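As a plain string of letters, each chain reads:
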Amino acid sequence: MSNKQIDWANIGFGYIQTDFRYVSNYKNGAWDEGTLTKDATIVLNECAGVLQYAQTVFEGLKAYRTEDGHIVTFRPDLNAKRLVDSAKRLEMPPFSEKQFLDAVDKVVAANEDFVPPYGSGATLYLRPYMFGTNPVIGVKPADEYQFRLFGTPVGPYFKGGAKPITIRVCDFDRAAPHGTGHIKAGLNYAMSLHAIVDAHQQGYDENMYLDSATRTKVEETGGANFIFITKDGKLVTPKSSTILPSITRRSLCYVAKEYLGMEVEEREVYLEEVKDFAECGLCGTAAVISPVGKIVDHGKDICFPSGMEEMGPVTKKLYDTLTGIQMGRIEAPEGWIRVIK
Ligand code: PLP
Ligand code: COI
């Protein structure tokens, strides 16, 4: 069991350095076999592609300690595939799914003491990423890259855990049509930094981004997709080519249909109709499902009937089922759980 002196129940979503990380380098057209290292520092040329033109993509997934004492990850194959999609869009060499899964297994096993205890509310967040390393001064892709994967124990993404948050409709855009909103590129998050600082200064927990072409449709937040529950109990989630295809959202749609017998609609969602939903939540690896109690649209409050005290009842059922699968309390669909130990 965990023997690190960490106050698991009270950690937030921050960086805690763990013992081992995985590194692989790409040079002369091939990735090397990769290795674990204790060195958390990266030394780069001053002109490295990542530093000049932000050529970097990443992923996020978690390792969980299950009720019966195993350590598992949740659908890491989908993270591996999405990293390949992200890399291709930024003209980076794909990192193979096999090597990605091997890196996940090795980092989790080597940092076993940092996997929080079952029931603590904390998990080991894993951050795989890759970036251009050689000097690039004309605007072009790098020729050499590094892939790294480290872990950090985390608690809830939003302070207050399962307490509903307040978000605002944002006037800044996150992603352009035919841009990079559908991949996990660092540049998308750089874009959102001013918007999130501004939102926090105004007293909001997050931003609701709209589609930048018409500013009428709900997209996502800076780090999670939306789910809505209709008054007659359907799950509705925005369909858009400019949002990240969330693995949590894809899993929740399946869970809603196959475990809870709900109807699921993945479709365009207009800001105009949001006031008619019964519940709203943000879903993602970091967010899990974070309930939204209120959305402020330029001074106009949209308050969900589920209120500001607790998660709505349908959101709670989805949350319990998803986390039940992740922590081994509920049988998972074939292939969703990768047992590491
Ligand atoms: N949308 C954005 C912008 C994100 O950064 C994330 C986090 O990964 C998500 C959605 C949720 O995706 P996932 O469920 O795969 O973690
Ligand atoms: C994740 O959920 O893994 C993310 O990358 C979101 C990020 C805002 C922490």
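Just above, that's the structure.
What counts, and where the lines are drawn
- Residues numbered from 1 in each chain as written.
- Chains lettered and ligands numbered in written order.
- Predicted model: local features only at pLDDT ≥ 70, side-chain atom pairs only at ≥ 80, totals over all residues.
- Heavy atoms only, no water.
- Axes fitted to C-alpha atoms, helices over the stretch in contact; angles between N-to-C directions.
- Helix = DSSP H or I, 4+ residues; strand = E, 2+ residues; numbered from the N terminus.
- Parallel < 35°, antiparallel > 145°, perpendicular 65-115°, else oblique.
- Contact = heavy atoms within 4.5 Å.
- Nonpolar A, V, L, I, M, F, W, Y, C, P; charged D, E, K, R; others polar.
- Expected span 1.5 Å × (residues − 1).
- Buried < 20%, exposed > 50% of the residue type's maximum accessible area, 1.4 Å probe, protein only.
- Near = heavy atom within 4 Å.
- Areas by Shrake-Rupley, 256 points an atom, 1.4 Å probe, with all protein chains shown as cover.
- 1 Å grid on protein atoms, 1.4 Å probe; cavity = no way out; pocket = protein on both sides within 12 Å on 5 of 7 lines; lining within 4 Å.
- Sits in = over half its atoms within 2 Å of the grid points.
- Polar contact = N/O pair within 3.5 Å; in protein donor to acceptor, adjacent residues only side chain to side chain.
- Phe/Tyr/Trp six-rings, centres within 6.5 Å; stacked < 30°, edge-to-face > 60°.
- Points joined across faces, edges and corners; volume = space filled by probe spheres on them.
- Patch = residues over 30% accessible without salt bridge, like charges linked within 9 Å, V, L, I, M, F, W, Y side chains within 5 Å.
- Salt bridge = Lys/Arg side-chain N within 4 Å of Asp/Glu carboxyl O.
- Core = buried A, V, L, I, M, F, W, Y, C linked by side-chain atoms within 4.5 Å.
- Pairing = 2+ DSSP bridges.

Considering the packing of helix α5 (residues 247-258) against helix α6 (residues 313-326)
Phase 1 of the analysis: The N-to-C vectors of α5 and α6 enclose an angle of 110 degrees; their axes lie 10 Å apart at closest approach. In terms of orientation, α5 lies roughly perpendicular with respect to α6. For the pair formed by α5 and α6, the contact residues are T248, S251, L252, V255 and A256 on the first element and L318, T321, L322 and I325 on the second.
Phase 2 of the analysis: Here the residues of the contact of α5 with α6 are counted per class, giving six nonpolar, three polar and no charged.

Remarks on α6
The periodicity of an α-helix, 3.6 residues per turn, causes residues three or four positions apart to be oriented the same way.
Phase 1 of the analysis: An ideal rise of 1.5 Å per residue puts 20 Å on 14 residues; α6 measures up with 20 Å between its terminal C-alpha atoms.
Phase 2 of the analysis: Along α6, the positions that sit buried rather than exposed are V314, T315, L318, T321, L322, T323, G324, I325 and Q326.
Phase 3 of the analysis: Looking at the residues trailing α6, positive phi occurs at G328, about 80 degrees.

Some details on the site of ligand 2
Phase 1 of the analysis: Inspection of the region around ligand 2 gives F13, F58, G60, Y125, R127, Y157, K184, G223, T285 and A286 as its neighbouring residues.
Phase 2 of the analysis: Summarising the interface, the protein chains cover 89% of the accessible area of ligand 2, which totals 280 Å² for the free molecule.
Phase 3 of the analysis: When each cavity is represented as a set of grid points, ligand 2 is found to reside in the largest pocket.

Considering the site of ligand 1
Phase 1 of the analysis: Taken together, 17 residues lie near ligand 1, and Y189, E220, S246, T248 and T285 sit nearest.
Phase 2 of the analysis: A distance of 2.7 Å separates an oxygen atom of ligand 1 from a polar atom in the side chain of R82.
Phase 3 of the analysis: The protein chains hide 97% of the 380 Å² of surface that ligand 1 would expose on its own.
Phase 4 of the analysis: The cavity that encloses ligand 1 is the largest pocket.

Quick notes on the packing of aromatic side chains
Phase 1 of the analysis: Following the criterion strictly, the structure yields 17 aromatic pairs and no others.
Phase 2 of the analysis: Judged by centre distance (5.7 Å) and plane angle (85 degrees), the rings of Y15 and F150 are edge-to-face. On the criterion of sequence distance, the pair formed by Y15 in the segment before β1 (21-27) and F150 in strand β8 (residues 145-154) is long-range, its members being 135 residues apart.
Phase 3 of the analysis: On the numbers, 4.9 Å between centres and 65 degrees between planes, the contact of F58 with Y189 is edge-to-face. In this pair, F58 is assigned in strand β4 (residues 56-58) and Y189 in helix α4 (residues 186-201), connecting sequence segments 131 residues apart. Just as F58 is buried, Y189 falls in that class too.
Phase 4 of the analysis: Chaining the aromatic ring pairs together yields one cluster made of Y22, Y26, W31, F95, F100, Y145 and F147.

Quick look at the layout of surface pockets
Unfilled space is identified by rolling a water-sized probe across the atoms.
Phase 1 of the analysis: Space inside the largest pocket adds up to approximately 770 Å³.
Phase 2 of the analysis: Listed by contribution, the elements that provide at least two residues to the lining of the largest pocket are β7 (123-132), α4, β10 (206-208), α5 and β14 (279-284).
Phase 3 of the analysis: If you tally residues by element for the lining of the largest pocket, the top one is α4, at five residues.
Phase 4 of the analysis: Residue composition of the lining of the largest pocket, grouped by class: 15 nonpolar, eleven polar and eight charged.

Digging into a nonpolar patch on the surface
Phase 1 of the analysis: A grouping of Y53, I137 and V139 is seen on the molecular surface, where their side chains present a nonpolar patch of about 350 Å² in accessible area.
Phase 2 of the analysis: As for its placement among the helices and strands, V139 is situated in the loop between β7 and β8.

Side note on the nonpolar core
A general trend in soluble globular proteins is that nonpolar side chains are found buried together.
Phase 1 of the analysis: Ranked by size, the top nonpolar core spans 36 residues in total, and within it F100, L126, M130 and F147 carry the most contacts.
Phase 2 of the analysis: Mapped by element, the contributors of at least two residues to this core are β1, β5 (61-65), α2 (76-89), α3 (97-110), β7 and β8.
Phase 3 of the analysis: Among the elements that make up this core, the one with the highest residue count is α3 (six residues).
Phase 4 of the analysis: Not counting the four nearest positions on each side in its chain, F147 is found in contact with Y22, V23, S24, W31, L83, F95, F100, A103, P128, Y129 and M130.
Phase 5 of the analysis: Residues I165, V236, V269 and L282 belong to the second largest nonpolar core, which totals 22 residues.

Here's the deal with the pairing of β1
Phase 1 of the analysis: Of all the seven residues making up β1, five are buried; the element is thus mostly covered by neighbouring parts of the structure.
Phase 2 of the analysis: Both β1 and strand β3 (residues 35-37) contribute to a ladder of three bridges, which runs antiparallel. Within the sheet, the bridge partner assigned to R21 lies in β3 and is T37.
Phase 3 of the analysis: In this sheet, β8 lies alongside β1 in antiparallel orientation, the contact comprising five bridges. Of the residues in β8, the one forming a bridge with S24 is F147.
Phase 4 of the analysis: The loop that links β1 with its antiparallel partner strand β2 (residues 30-31) comprises two residues; one of these, N28, has a positive phi angle of about 50 degrees.

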